[in-house]
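Spelled out, the chains give:
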Amino acid sequence: MRNATSERTTHPVLTFWVIAGWVGFCLLPWYMLEDGLLSFEWLRDGYPFDEDYAPAAFLIAQGKKLWLAPLLVALILPLFALRRPKSDPWFARLLILSGAIGFGWLIAQGFSIGIRGFNFDWLEAVFGDLGDRQFGMGYGGMITASAFLFLLTQGVAARGAINGDVFVVSAIGGVITIVAVFVFFPIAKMLFAAFVTEDGAYSIAVFADKLFDDRLWSLGCFAGAKCGAAWNSLFLAITVGFLTTALGLCFALIVTRSGFRYKRAIRALTVLPIITPPFVIGLALILLFGLSGSVTVFFAEMFGVQPTRWLYGMPGVMIAQTLAYTPIAFLVLIGVVEGVSPSMEEASQTLRANRWQTFRTVSLPLMRPGLANAFLLGFIESMADFGNPLVLGGNFDVLSTEIFFAIVGAQYDQGRAAVLAMVLLFFTLSAFYAQRAWLGKKSYTTVSGKGDSGVHPLMPTGLAVPVMVIALGWAIFTAVVYGMIIYGSVVELWGVNNSLTFKHYITAFSVRFEEEGIRWTGAAWDSFWTTITIAAIAAPLTAAVGLVTAYLLTRQNFAGKNAFEFGTMLSFAIPGTVIGVSYILAFNVPPIEITGTGVILVISFIFRNMPVGVRAGIASMSQLDKSLDESSLTLGANSWQTFRRVILPLLRPAILAALVYSFVRAMTAISAVIFLVSAEYDMATSYIIGRVENNDYGLAIAYSTTLIFVMLTAVGMLQLLVGRVQIGRRTQQVAEKST
């Protein structure tokens, strides 16, 4: 009887979080360190009595930061629950009370007191001048806040929520909290910043003045003048969306509906833009079509005409974005085109429809979801693109570059940047909802549980010829552009001195061997290693958050599930430019003060790339029968053990895909990164942009080429590890028959 009672009153998870809360409060620095979270210099610098490094308990003992004292009550309450069984009503009450008081008080005091004392005038009027201040949370604050959150979720589980499953309730609470903190809070902060006046007050008039600025909405391009940045961005995004979708469909049809012999070469082209920094294609276009470009000089000499700057502006940006995002549209469409059931197409032909009628009335309508998603991706990517408009834009203003110059330019107008970001976000969310409205509630399902060994019919001749001409012409153009990227990295000075040299690589990546060891003397090594480190840290965290979220969405039913899914996917519809601006506005002051640190870069990558992990996990978990979970639970395992020992081992391809994609995107991201880098944490893409602004194209292209080969290595490793798992039997059969 004594052993049974002991089992019922032993709570290892609860004990862990109680200990974590006390450790964070009594042993770890409460506030953010000057050197960032990754520094441990505080252990030698006056810890634990120095106010900058002291834990909360030592601060209170010294009579400082007394607003932290109420947290002691919240830390003591769960101690009374440790020896109570979960069936005791006071077990849940104590944990909920502890978590609510502790977490709620941390939020309240964090937003009320900042680096200048009270943040609100009414608090100063009630309590007088505080005479003190506080900074952003450090190790101690974050660990204690996490402890309160998970004490609260354990209390909610003990009340019977989701069958009392602690892991599921805690996972839901954790994901909701981090999405609220790192997605919704920054966006809300940005919205409020748009209404702030110069003296810190709020005014709708200020917002209206910036929103209806002529530079934003002018239609002067119809009268021979300049159009506003909003119309430029919208027209460019719509054009790029249509072009990339059309070209992506052409490539997908060639791979699946033709007897073309070099399909593998076309598939290889789809990898390149994913592993290429977004502005590198713009640099290659300059080498081809700029004032000193090969093609420009050739035609100028042949026809005796004066070279022009036609590339700089709308044409150049549109070509660069179409080159960059067409393969992404192909990746979306290839699965949809292959997914159309051959039996439905064969049924149409059996009813005496010819190949063109079958394609137009059966195949193409069933591809509608893929076409809509491909257009949406092209639209959002174009809207968010920062590098190509910066390199090729000239006098063609777009929202992404205008936001950048509003923040880092001489004007430093955060309110204008916030308004521009809101307009950009409005466009992308409108496209998102327009896509859903266009698809409607129709069913596009063609794959059922029945066998389907049919073969897709070939394209009708009238369609195959133009599709082949367009796709192959574009593929050759893409190959030439990437060839110019490599060639441009090994010439002395493009257009002036085309002699071959490795000078740019040596300048960027030179190494010296000394008695003390290897010395990385190249100018690019600091940003390169920082980028590798940040990407390596962000990738597993991104995969973990994404896969846990996917598990909750596919395996659990709970109230608010649809809103939960929308929140986790919102960052997909938010361009990186908006994320960068909102993070600056939200996280440069307490309670979370991480601007200028490596932490903000890691967090931005996690929440920019999390939807990929979510979707990869959902796709893989949807193929796993729920009876596997039920069998595990029946045998006495809990949800955490089932997830760790049954689900995760079966998700190896999804895990690796999420890891590599997150790593690659972190290595090549620019739109959000350009706002978040600092002197200490400079990323490869921002370093390359700096070289471009200084007209050092050789070094910029050499660095970019190096990144491409690093990414190729990562993608090659992925192919070796998961390639066979992803190949379906029917695809192999079709390939064999087509050859």
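Residues numbered from 1 in each chain as written. Predicted model: local features only at pLDDT ≥ 70, side-chain atom pairs only at ≥ 80, totals over all residues. Heavy atoms only, no water.

## Side note on the overall build of the protein
Moving on, step 1. Looking only at helices and strands, the protein has 34 helices and six strands in total.
Moving on, step 2. Buried positions account for 51% of the 739 residues belonging to the protein.
Moving on, step 3. At a minimum sequence separation of 6, the contacts of the protein that also span at least 24 residues come to 73%.
Moving on, step 4. Of the roughly 34900 Å² of accessible surface on the protein, 63% is carried by carbon and sulfur atoms. (Helix = DSSP H or I, 4+ residues; strand = E, 2+ residues; numbered from the N terminus. Buried < 20%, exposed > 50% of the residue type's maximum accessible area, 1.4 Å probe, protein only. Contact = heavy atoms within 4.5 Å. Areas by Shrake-Rupley, 256 points an atom, 1.4 Å probe, with all protein chains shown as cover.)

## What about the pairing of strand 6 (residues 517-520)?
Sheet faces and side chains relate simply in a regular strand, where the side chains alternate between the two faces.
Moving on, step 1. Both strand 5 (residues 511-514) and strand 6 contribute to a ladder of four bridges, which runs antiparallel. Looking at the pairing, Glu514 lines up with Gly517 of strand 6.
Moving on, step 2. Counting the residues in the hairpin turn of strand 5 and strand 6 gives two residues. (Pairing = 2+ DSSP bridges.)

## Some details on unusual backbone geometry
Moving on, step 1. The amide bond that connects Pro590 to the next residue, Pro591, takes the cis arrangement and shows omega of 10°.
Moving on, step 2. The residue Pro591 is located in the loop between helix 26 (576-586) and helix 27 (598-621) in this model.
Moving on, step 3. Backbone geometry at Lys65 places phi at a positive 50°, although glycine is not the residue there.
Moving on, step 4. Its place among the elements puts Lys65 in the loop between helix 3 (56-61) and helix 4 (71-76).
Moving on, step 5. Look at Lys65 and you get buried, because its relative accessible area is 4%.

## Quick notes on the pattern of salt bridges
Moving on, step 1. Enumeration over the complete set of coordinates arrives at 11 salt bridges.
Moving on, step 2. Arg665 is the salt-bridge partner of Glu381, the closest N and O atoms lying 3.7 Å from each other. Placement of Glu381 in helix 18 (residues 368-384) and of Arg665 in helix 30 (residues 652-668) is noted, with a sequence separation of 284 residues between them.
Moving on, step 3. Through salt bridges that share partners, Glu51, Lys64, Lys65 and Asp132 make up one connected network. (Salt bridge = Lys/Arg side-chain N within 4 Å of Asp/Glu carboxyl O.)

## Focus: the nonpolar core
The nonpolar side chains of soluble globular proteins are, as a tendency, buried together.
Moving on, step 1. Counting residues in each nonpolar core, the largest one holds 175 residues, and the members touching the most others are Leu285, Leu552, Tyr583, Phe607, Phe675 and Tyr703.
Moving on, step 2. Looking at which element gives the most residues to this core, the answer is helix 11 (residues 229-257), with 14 residues.
Moving on, step 3. Look past the residues within four positions of Leu552 in its chain and what remains in contact with it is Val168, Ala171, Ile172, Val175, Phe558, Lys561 and Phe564.
Moving on, step 4. Ile60, Leu75, Leu94 and Leu151 belong to the second largest nonpolar core, which has 31 residues in total. (Core = buried A, V, L, I, M, F, W, Y, C linked by side-chain atoms within 4.5 Å.)

## Let's talk about the packing of aromatic side chains
Each aromatic ring pair is summarised here by two numbers: the centre-to-centre distance and the angle between the ring planes.
Moving on, step 1. Applying the stated rule across the entire model yields 43 aromatic pairs.
Moving on, step 2. Their ring planes at 5° and their centres at 5.8 Å tell us that Phe299 and Phe303 sit as a pair that is stacked. In this pair, Phe299 and Phe303 are both assigned in helix 14 (residues 294-303), four residues apart and thus about one turn of the helix distant.
Moving on, step 3. We classify Phe299 as partly exposed; its relative accessible area is 40%.
Moving on, step 4. Centre to centre, the rings of Tyr583 and Phe587 are 5.1 Å apart; their planes meet at 85°, and the pair counts as edge-to-face. (Phe/Tyr/Trp six-rings, centres within 6.5 Å; stacked < 30°, edge-to-face > 60°.)

## Topic: the confidence of the model for the protein
Caution is warranted with low-pLDDT regions, since their predicted coordinates should not be read in detail.
Moving on, step 1. Scored by pLDDT, the protein has a mean of 83; 89% of the residues are at 70 or more.
Moving on, step 2. Of all the helices and strands in the protein, helix 34 (residues 729-738) carries the lowest mean pLDDT, 41, while helix 4 carries the highest, 96.
Moving on, step 3. Ignoring residues within four places in sequence, the model shows residues 1-7, a span with pLDDT below 50, making zero contacts including any to other chains.
Moving on, step 4. Taken as a whole, residues 443-452 scores under 50 in pLDDT and shows 15 contacts with residues more than four places along the chain or in a different chain. (pLDDT = per-residue confidence, 0-100.)

## As for the packing of helix 2 (residues 12-26) against helix 7 (residues 139-158)
Moving on, step 1. Running from N to C, helix 2 and helix 7 point in directions that differ by 150°, and their axes come no closer than 8 Å. Overall, the two elements helix 2 and helix 7 adopt an arrangement that is roughly antiparallel. At the point where helix 2 passes helix 7, the crossing takes the left-handed sense. Residues Val13, Leu14, Trp17, Val18, Ala20, Gly21, Gly24 and Phe25 of helix 2 touch helix 7, and the partners they reach there are Gly140, Ile143, Thr144, Ser146, Ala147, Phe150, Leu151 and Gln154.
Moving on, step 2. Classifying every residue of the contact of helix 2 with helix 7 by side-chain character gives 10 nonpolar, six polar and no charged. (Axes fitted to C-alpha atoms, helices over the stretch in contact; angles between N-to-C directions. Parallel < 35°, antiparallel > 145°, perpendicular 65-115°, else oblique. Left-handed = near helix turned anticlockwise from the far one by under 90°. Nonpolar A, V, L, I, M, F, W, Y, C, P; charged D, E, K, R; others polar.)

## Some details on the side chain of Thr531
Moving on, step 1. Residue placement: Thr531 occurs in helix 24 (residues 525-555).
Moving on, step 2. What makes Thr531 buried here is its relative accessible area of 1%.
Moving on, step 3. A distance of 2.8 Å separates a polar atom in the side chain of Thr531 from the backbone nitrogen of Ala684.
Moving on, step 4. Those residues in contact with Thr531 that sit more than four places away from it in its chain are Ala666, Met667, Asp682, Met683 and Ala684. (Polar contact = N/O pair within 3.5 Å; in protein donor to acceptor, adjacent residues only side chain to side chain.)

## As for the side chain of Thr530
Moving on, step 1. In this fold, Thr530 is placed in helix 24.
Moving on, step 2. Thr530 has contacts with Glu680, Tyr681, Asp682 and Met683, leaving out every residue within four places of it along the chain.

## Some details on helix 2
Moving on, step 1. The terminal C-alpha atoms of helix 2 lie 21 Å apart, and with 15 residues this matches the ideal 21 Å at 1.5 Å per residue to within 8%.
Moving on, step 2. By the burial criterion, the buried members of helix 2 are Leu14, Trp17, Val18, Ala20, Gly21, Gly24 and Phe25. With its buried residues spanning 160° around the axis, helix 2 presents them on a single face. Those residues of helix 2 that are exposed and angled more than 90 degrees off the buried face are Pro12 and Phe16.
Moving on, step 3. Lining the buried residues of helix 2 we find helix 3, helix 4, helix 5 (89-112) and helix 7. (Expected span 1.5 Å × (residues − 1). Arc of directions from axis to C-beta.)

## Some thoughts on the environment of Phe120
Moving on, step 1. Position of Phe120 among the secondary structure elements: in the loop between strand 2 (117-118) and helix 6 (121-127).
Moving on, step 2. In this structure Phe120 touches Phe111 and Ser112, once residues within four positions along its chain are discounted.

## Notes on the environment of Ala679
Moving on, step 1. Of note, Ala679 is situated in the loop between helix 31 (673-676) and helix 32 (684-693).
Moving on, step 2. When the C-alpha atoms of Ala679 and Thr597 are compared, they prove to be 9.6 Å apart, with 82 residues separating the residues in sequence.

## Concerning the packing of helix 13 (residues 280-289) against helix 22 (residues 461-488)
Between two packed helices, what matters for the description is the angle formed by their axes and the separation of those axes.
Moving on, step 1. The contact between helix 13 and helix 22 brings their axes to 9 Å, and the two run at 90°. By the angle between their directions, the pair helix 13 and helix 22 is classed as roughly perpendicular. Contact residues: Val280, Ile281, Ala284, Leu285, Leu287, Leu288 and Phe289 in helix 13; Phe477, Val480, Val481, Tyr482, Met484, Ile485 and Gly488 in helix 22.
Moving on, step 2. Residue composition of the contact of helix 13 with helix 22, grouped by class: 13 nonpolar, one polar and no charged.

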